[in-house]
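# Examining the three-dimensional arrangement
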Amino acid sequence: MSDRLSVFKTYKLYVGGKFPRSESGRVYEVTDSKDNWLANAPLSSRKDARDAVVAARKAQAGWAGKTAYLRGQILYRVAEMLEGRKEQFVREIAEAEGLSKSKAAAVVDAAIDRWVWYAGWTDKVAQIVGGGNPVAGPFFNLSSPEPTGVVTVVAPRKSSFLGLVSVIAPVIATGNTAVVIASEDFPLPALSLGEVLATSDLPGGVVNILSGRTAEIAPSLAAHQDVNAIDLAGVEDAVLAKELEAAAADNLKRVVRPQPVDWSADPGTHRLTAFLETKTVWHPTGSLGASGSAY
């Protein structure tokens, strides 16, 4: 019988490609479905949220400037890294959500497949939301999608991993950067995802993950003038959701309202297109000789 003491994992935030503790030094206890202690998670402050926005803004231009094909390759790399750490995530999700090992494994498989699915969309979404527009006059009129910018994502509260992936992947697939508030009840899979992202070619700052109290962190992010959009997927309190939407209106943020979602279903393209702006360019055509034909 060994007298060796186990090394408990210290969970940290993921901000700007690094793993800081909360600047407040606070933590809160995370328990399993039977109320047994699992770990202490960082209790993020509003200062942590502001730091995450700074990191996301710094990374946004570089990420949006990468080719869509390269973004797809990086998202696929995330899936590869998750495949290699499947056992860890199965254990964390089973403990957090009270699932059997087989059901937790199915959740992890679905989350990995979702990364692959969104990786395939990066260089195709422009074809369904952009293109040439027929106009009256001698002009080319072309519309193309561009990322909104920095997006705050309130991750689903109950679906700690599949739901989490389903709200992060479409945001970054289209060139946005994300500040993610992990599930308040089950933050550990999200914090572990940060470790995967850090080793998967994703530039630091593209995804920033905070854990803590949604009601404490979300209002400052909803009102932040350098946040361009917010996904309220994990806000279950209707009063809080309304307050966040009102705060978001101050700088005309795009808002995805909370609604019941079956995260195991086909995700469609709604979240891919929710955080895109459309740029339309007009260019005069030229005439070819006396015939008046144009190119």
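Quick note: structure is the one above.
Figured I'd write up the structure that's included with this text.

What counts, and where the lines are drawn
Residues numbered from 1 in each chain as written. Predicted model: local features only at pLDDT ≥ 70, side-chain atom pairs only at ≥ 80, totals over all residues. Heavy atoms only, no water. Salt bridge = Lys/Arg side-chain N within 4 Å of Asp/Glu carboxyl O. Helix = DSSP H or I, 4+ residues; strand = E, 2+ residues; numbered from the N terminus. Buried < 20%, exposed > 50% of the residue type's maximum accessible area, 1.4 Å probe, protein only. Expected span 1.5 Å × (residues − 1). Arc of directions from axis to C-beta. Contact = heavy atoms within 4.5 Å. Pairing = 2+ DSSP bridges. Axes fitted to C-alpha atoms, helices over the stretch in contact; angles between N-to-C directions. Right-handed = clockwise from strand over helix to strand, strands pointing away.

On to the pattern of salt bridges. Side chains that differ in charge, positive against negative, can pair when their charged atoms come close. The tally for this structure, following the rule as stated, stands at 17 salt bridges. Two residues, Glu195 and Arg85, come together in a salt bridge whose shortest N-O distance is 2.8 Å. One end of the pair, Glu195, is in helix H7 (residues 188–198); the other, Arg85, is in the loop between helix H2 (68–84) and helix H3 (86–97), and 110 residues separate them in sequence. The partner of Lys279 in a salt bridge is Glu146, and the shortest N-O contact between them spans 2.9 Å. On the criterion of sequence distance, the pair formed by Lys279 in strand E10 (residues 276–284) and Glu146 in strand E4 (residues 139–147) is long-range, its members being 133 residues apart. Glu146 sits in the partly exposed class, given a relative accessible area of 32%. Through salt bridges with shared partners, a single network forms among Arg157, Lys158, Glu184, Asp185 and Arg213.

For the rest of this paragraph, the subject is helix H4 (residues 101–121). Structurally, the α-helix is built with 3.6 residues per turn, so residues lying three or four positions apart point the same way. Its 21 residues place the ends of H4 31 Å apart at the C-alpha level, agreeing with the 30 Å of an ideal helix rising 1.5 Å per residue. Every buried residue belonging to H4 is among Ala104, Val107, Val108, Ala111, Ile112, Arg114, Trp115, Tyr118 and Ala119, and all of these are buried. Angular distribution of buried residues about the axis of H4 spans 150 degrees; they occupy a single face of the element. Exposed residues on H4 whose side chains face more than 90 degrees from its buried face are Ser102 and Lys103. In this fold, the buried residues of H4 make contact with H2, H3, helix H6 (162–173), H7 and helix H10 (270–274).

So, on to the sheet that holds strand E5 (residues 150–154). Read across the sheet, five strands follow the order E7-E6-E5-E8-E9 without closing on themselves; strand pairing throughout is parallel. The open sheet has two edge strands, strand E7 (207–210) and strand E9 (254–256), and neither has a second partner. Each strand of the sheet is rotated relative to its neighbour by a mean of 15 degrees, with strand direction disregarded. In this sheet, strand E6 (residues 177–181) lies alongside E5 in parallel orientation, the contact comprising five bridges. Pairing of Thr152 across the sheet is with Val179, part of E6. Here H6 sits on the sheet and contacts E5, E6, E7 and strand E8 (229–231); the angle it forms with E6, its principal contact strand, is near 160 degrees. Lying on the sheet, helix H8 (residues 214–223) is in contact with E5, E6, E7 and E8; it crosses E6 at an angle near 150 degrees.

Examined against the element boundaries, Ser33 turns out to sit in the loop between strand E1 (27–31) and strand E2 (37–42). A sequence separation of 113 residues divides Ser33 from Glu146, and the C-alpha atoms of the two residues are 42 Å apart. The contacts of Ser33, once residues within four sequence positions are left out, are Glu95, Ala96 and Gly98.

A separate point is the pairing of E6. For E6, the buried fraction is high: five of the five residues fall into the buried class. Going residue by residue along E6, you find Thr177, Val179 and Ile181 tucked away on one face and Ala178 and Val180 tucked away on the opposite face as well. After leaving E5, the chain enters H6 and then returns to the sheet as E6, a path that is right-handed. Two elements, E6 and E7, share four bridges in a ladder whose sense is parallel. Note on E7: the bridge partner recorded for Ile181 is Leu210. Viewed along the sheet, the connection from E6 through H7 into E7 turns out right-handed.

Structurally, Thr214 can be placed in helix H8. Distance from Thr214 to Glu184, taken between C-alpha atoms, is 6.6 Å for residues 30 residues apart in sequence. Ignoring sequence-local partners within four residues, the contact set of Thr214 consists of Val154, Ile181, Glu184, Pro219 and Leu240.

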